[in-house]
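Here are the chains, one letter per residue:
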Protein chains: 2
Amino acid sequence: MQPPVTTRYKAASGGQLDSVASGHQVDTGSPSETAPERKRFSRPQSVARQLKDWIVEQGLQPGDRLPGEPEMIERLGHAKGTIREALRILETEGLIKTRTGPGGGVFVHAVSDARAQALLANYFYFKDLSIRDIYQLRRLIEPELVAELAGRLDEAALQRLEAVIATTEQVPHTPEEEREQHIASLEFHCILGELSGNPLLGFIVRFQVNVLRELTVHRKLYEPINPELREAGRAYQCRLVQALRAGDGESARAIMTRHMKTAQAMMEAQEATIAQRFLGDSTTGK
Amino acid sequence: MQPPVTTRYKAASGGQLDSVASGHQVDTGSPSETAPERKRFSRPQSVARQLKDWIVEQGLQPGDRLPGEPEMIERLGHAKGTIREALRILETEGLIKTRTGPGGGVFVHAVSDARAQALLANYFYFKDLSIRDIYQLRRLIEPELVAELAGRLDEAALQRLEAVIATTEQVPHTPEEEREQHIASLEFHCILGELSGNPLLGFIVRFQVNVLRELTVHRKLYEPINPELREAGRAYQCRLVQALRAGDGESARAIMTRHMKTAQAMMEAQEATIAQRFLGDSTTGK
DNA sequence: ACAAAGAATTTATCATGATAAATGAATCAT
DNA sequence: ATGATTCATTTATCATGATAAATTCTTTGT
């Protein structure tokens, strides 16, 4: 499942940062002298930016430690409140975590998937994302995705997919179970996305799935339990895994294409407008 | 109003929000179990959440006003610092803006595209995004995009595209000009994405373009000026617009497919190292 | 040896002003 | 009128502790 050498570049040496003249020198003292341009950034933002620069320049990795609050106060010359707000910014962006206690402090943290998803969801809160929009993309992406995946998956990956299918083996008796099964079937797509080995592709697939999942949970979509549709859904998954195992990309693509069409029709038959709400805050422990 | 506080948060009342991504922490009461779900939310996070709930419940729109700092302090029963940190969280997420002066205060704000892009870029900072990854998606999306767009664009849209093409009319004499032209050609794709009318699709196209643009700006990619390639690039754009105007989706798709292939080869031919850096912070006024 | 209690450490929050900066409105000088 | 000035309002930042909470390390008790 690994494509030829695709040079996975990382760690740029000179990777400078936004050249933005954050040029907010921290002269503790005479502020307004040559201040022709207005203050673009608040001080907490400036501090946050400086810390980001620091992370980039030093090539800090997740788990690495940043100076503690008191040291920042001294080194950056800002008040405690300002520093704290800056840390809060970075924490919101998902780039740091703070821990209390001995050995605690501020640590670099890789932005979690959940947080990125949540932040992106906020962006779409004021947009009108329709089911059609989402499926326009899904119908584009997922068939090709499985076509590429065909024959490239190892047994472990295939079994992972089959494990998800297994959770929908029993006929659901309650709406609760039915909902869970639907979520599981969405999970199926997430796994496919991850297996592509393309972080961007995987992320997008997951995002779409998350939006759809929200619909399911909060709008009681898929409420009417339809045995035939359910069985059809299961069948497609089974056949898909079969095609993937056989390395039959054409079939996989066809199966997924058909499924996308069906799923879209199903969803559109229900509600057409996506629930307007912020997604969760992704507290992402770890 | 209420005496100091013990740890109190509103445990997701009403189920409007909360619970998404990552996990379902349906509190059962038993503290320690398979999921060491420690550390709930910090208070600033709780406050931020409450304000989000408020926004959702009241259906507040961009421009609407939120209570000012002092009122929040009183109504929510938290200290000023806590409130400020909460506001900083929301500001970082792009959901509010604060203004000083008379008539100033805290206002709901639609998350700007730039901010969403920057936040998403943070996520990919610690990932290894290769050019191949990006083009895998581009090659999937953009050909179909133009195929759908064919014949659906009004004259204004077409002229918008042509205007961008026009900027690359003159043969560039300096690397500077050459770089600007390349950026303009990327802009071409952004416009196509927007014209789709699909917010999600447009966003993804823009994100890809932004990542590639970063490359161009910071890594001197496309440095060697190649007249033939340049001309070929221009030609494809012209022919594409032509096909779009004629409503010839098949041709449009073919043209774009070819272009994607060429562009990817070009990018990969360079020592394309994806710049590891945080994108700008998107101050995005209005 | 091992588990529970305690101590030490570090961030989190609270509390309380005071001063600075930004900005729209009203006012005043020309 | 019109441009500059002052004023009032509201957030932004600074300053300075004092408590609280969460962890890890250490010391006990059995």
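As a reminder, the structure under discussion sits directly above these lines.
The present account deals with the structure reproduced in this document. In this convention, every chain numbers its residues from 1, walking through the sequence in written order. Naming scheme: in the order in which they are written, chains are lettered from A and ligands are numbered from 1. Two thresholds apply to this predicted model, a pLDDT of at least 70 for residue-level local features and 80 or more for giving and counting side-chain atom pairs, whereas whole-chain, interface and lining totals are computed over all residues. Hydrogen atoms and water are omitted, and side-chain values are computed over all heavy atoms in the structure.

### Description of the protein's contact with DNA strand C
Here a residue counts as near a molecule or strand whenever at least one of its heavy atoms sits within 4 Å of it. In the neighbourhood of DNA strand C, 24 residues make up the surrounding shell, with Arg88 and Thr98 of chain A together with Arg43, Thr82 and Pro102 of chain B lying closest. Taking all atoms of DNA strand C within 4 Å of the protein, the share assigned to sugar and phosphate is 68%. Pairs of N or O atoms within 3.5 Å make up the polar contacts considered here, provided that, within protein, one atom can donate a hydrogen while the other can accept it, and that residues adjacent in sequence are counted only when both atoms are side-chain atoms. In this structure, Glu69 of chain A approaches DNA strand C through a side-chain N or O atom, which is 3.5 Å from a phosphate oxygen. Take Arg43 of chain B: an N or O atom from its main chain is 2.7 Å from a phosphate oxygen of DNA strand C. Elements supplying a minimum of two residues to the surface near DNA strand C: α2 (69-77), α3 (80-93) and β2 (96-99) of chain A together with α1 (43-58) and α3 (80-93) of chain B. Numbering of helices and strands runs from the N terminus, with a helix taken as a DSSP run of H or I at least four residues long and a strand as a DSSP run of E at least two residues long.

### Observations concerning the pairing of strand β3 (residues 105-108) of chain B
All names here are of chain B. For two strands to pair, DSSP has to find at least two bridges joining them. Bridge count for strand β1 (residues 65-66) against β3 is two bridges, and the pairing is antiparallel. In the sheet register, Leu66 faces β3, and the bridge partner there is Val106. One ladder, built from four bridges, connects strand β2 (residues 96-99) with β3; its direction is antiparallel. Counted as the bridge partner of Arg99 is Gly105 from β3. Two successive antiparallel strands, β2 and β3, enclose a turn made up of five residues, where Gly101 displays a positive phi of approximately 85°.

### Some details on α1 of chain B
A turn of α-helix holds 3.6 residues, and therefore any two residues three or four places apart point the same way. By definition here, a helix of n residues has an expected span of 1.5 Å times n minus one. Its 16 residues give α1 of chain B an end-to-end C-alpha distance of 22 Å, which sits within 8% of 22 Å, the value for a rise of 1.5 Å per residue. Every buried residue belonging to α1 of chain B is among Pro44, Ser46, Val47, Ala48, Arg49, Leu51, Lys52, Asp53, Ile55 and Val56 of chain B, and all of these are buried. By definition, residues are in contact when any of their heavy atoms lie within 4.5 Å. The inward-facing, buried residues of α1 of chain B abut α3 and α4 (113-125) of chain A together with β1, α2 (69-76), α3 and β3 of chain B. Following α1 of chain B by one or two positions, Gly59 of chain B adopts a phi angle in the positive range, close to 60°. Burial here depends on accessible area, computed with a 1.4 Å probe over protein chains only, as a share of the maximum for the residue type. Under 20% is buried, over 50% is exposed, and the range in between is partly exposed.

### Some thoughts on the protein's contact with DNA strand D
Taken together, 23 residues lie near DNA strand D, and Arg43, Thr82 and Pro102 of chain A together with Arg84 and Thr98 of chain B sit nearest. Put simply, 68% of the atoms of DNA strand D that lie within 4 Å of the protein are in sugar or phosphate. Within the contact set of DNA strand D, a phosphate oxygen lies 3.4 Å away from a backbone nitrogen or oxygen of Ala79 of chain A. Where the surface near DNA strand D is concerned, the elements lending two or more residues are α1 (43-58) and α3 of chain A together with α2, α3 and β2 of chain B. At three residues, the largest contribution of residues to the surface near DNA strand D is made by α3 of chain B. Classes in brief: Ala, Val, Leu, Ile, Met, Phe, Trp, Tyr, Cys and Pro nonpolar; Asp, Glu, Lys and Arg charged; the others, Gly included, polar. Across the surface near DNA strand D, the residue classes break down as five nonpolar, 10 polar and eight charged.

### Side note on the pattern of salt bridges
Residues and elements named next belong to chain A. For salt bridges, the criterion is a side-chain nitrogen of Lys or Arg within 4 Å of an Asp or Glu carboxyl oxygen. A full pass over the atoms with the stated rule returns 30 salt bridges over all chains. One salt bridge in this structure joins Glu148 and Arg152, with 3.9 Å as the shortest N-O distance. Overall, Glu148 belongs to the partly exposed group, its relative accessible area being 36%.

### A short note on the environment of His189 of chain B
All names here are of chain B. By the secondary structure assignment, His189 is in helix α7 (residues 175-195). Between the C-alpha atoms of His189 and Gly202, which are 13 residues apart in sequence, the distance is 9.4 Å. Sequence-distant contacts of His189, defined by excluding residues within four places in its chain, comprise Arg138, Glu142, Val205, Val209, Tyr236, Met256, His259 and Met260. At 2.8 Å, the side chain of His189 and the side chain of Tyr236 are in polar contact.

### Topic: the nonpolar core
By nonpolar core is meant a set of buried Ala, Val, Leu, Ile, Met, Phe, Trp, Tyr and Cys residues that side-chain atoms within 4.5 Å join together. If you look at the biggest cluster of nonpolar residues, it comprises 137 residues, and the most contacted ones within it are Leu192, Leu240 and Leu244 of chain A together with Leu192, Leu240 and Leu244 of chain B. At 10 residues, the largest contribution of residues to this core is made by helix α8 (residues 199-219) of chain A. Here Leu192 of chain B is in contact with Leu145, Val146, Leu149, Leu161, Leu240, Leu244 and Met256 of chain B, once residues within four sequence places are set aside.

### Quick look at the packing of helix α5 (residues 131-149) of chain B against helix α10 (residues 249-269) of chain B
Residue and element names in this part refer to chain B. In this description, a line fitted to the C-alpha atoms serves as the axis of each element, helices being fitted only across the stretch in contact, and the angle between N-to-C directions of two axes falls anywhere from 0 to 180 degrees. The N-to-C vectors of α5 and α10 enclose an angle of 165°; their axes lie 7 Å apart at closest approach. With respect to α10, the axis of α5 lies roughly antiparallel. In this structure, α5 crosses over α10, and the sense of that crossing is right-handed. Between α5 and α10, the residues in contact are Ile131, Arg132, Tyr135, Arg138, Arg139, Glu142, Pro143, Glu144, Val146 and Ala147 and Gly249, Ala252, Arg253, Met256, Thr257, Met260, Lys261, Ala263, Gln264, Met267 and Glu268, respectively. Classifying every residue of the contact of α5 with α10 gives 10 nonpolar, three polar and eight charged. Angles are sorted into four bins: roughly parallel if under 35 degrees, roughly antiparallel if over 145, roughly perpendicular if 65 to 115, and oblique for all others. By definition, turning the near helix anticlockwise from the far helix through less than a right angle yields a left-handed crossing, and turning it clockwise yields a right-handed one.

### Comments concerning the side chain of Glu142 of chain A
Position of Glu142 of chain A relative to the elements: it lies in helix α5 (residues 131-149). Beyond its immediate sequence surroundings of up to four residues, Glu142 of chain A is in contact with His189, Val205, Gln208, Met256 and Met260 of chain A.

### Quick notes on the sheet that holds β2 of chain A
Pairing in this open sheet of three strands is antiparallel, and the strands run β1-β3-β2 (chain A) from one edge to the other. Where the open sheet ends on each side, the last strands, each with one partner, are β1 (65-66) and β2 of chain A.

### A short note on the packing of aromatic side chains
Within 6.5 Å between ring centres, the rings of Phe, Tyr and Trp (the latter by its six-membered ring) count as paired, and their orientation is classed by plane angle as stacked under 30 degrees, edge-to-face over 60, tilted in between. Taken as a whole, this structure holds 12 aromatic pairs over all chains when the rule is applied. Between Phe124 of chain A and Phe207 of chain A the ring centres are 5.6 Å apart and the planes differ by 40°, which places this aromatic pair in the tilted class. Residue Phe124 of chain A is located in helix α4, and its partner Phe207 of chain A is located in helix α8; the two are separated by 83 residues in the primary sequence. Look at Phe203 of chain A and Phe124 of chain B: their rings are 5.9 Å apart centre to centre, the planes differ by 70°, and that puts the pair in the edge-to-face class.

### Side note on a positive patch on the surface
On the surface, Arg139, Arg239, Arg258 and Lys261 of chain A cluster together to form a positively charged patch. Along the chain, the position of Arg139 of chain A falls in helix α5. Residues enter patches when they are more than 30% accessible in relative terms and free of salt bridges; like-charged ones are connected within 9 Å and nonpolar ones (Val, Leu, Ile, Met, Phe, Trp, Tyr) within 5 Å. Using the Shrake-Rupley algorithm and a 1.4 Å probe, accessible areas are obtained, with residue cover drawn only from the displayed protein chains. The convention is simple: Lys and Arg are positive, Asp and Glu are negative, and His and the chain ends are not counted. Charged groups are reduced to one reference atom each: NZ for lysine, CZ for arginine, CG for aspartic acid, CD for glutamic acid.

### Points about the packing of α1 of chain A against α3 of chain A
Residues and elements named next belong to chain A. The interhelical angle for the contact between α1 and α3, taken along N-to-C directions, is 60°, at an axis separation of 8 Å. In this view, α1 runs oblique relative to α3, as classed from their interaxial angle. Our pair here, α1 against α3, has a crossing hand that is right-handed. On α3, the residues that touch Arg43, Pro44, Gln45, Val47, Ala48, Leu51 and Lys52 of α1 are Thr82, Ile83, Glu85, Ala86, Leu87, Ile89, Leu90 and Glu93.

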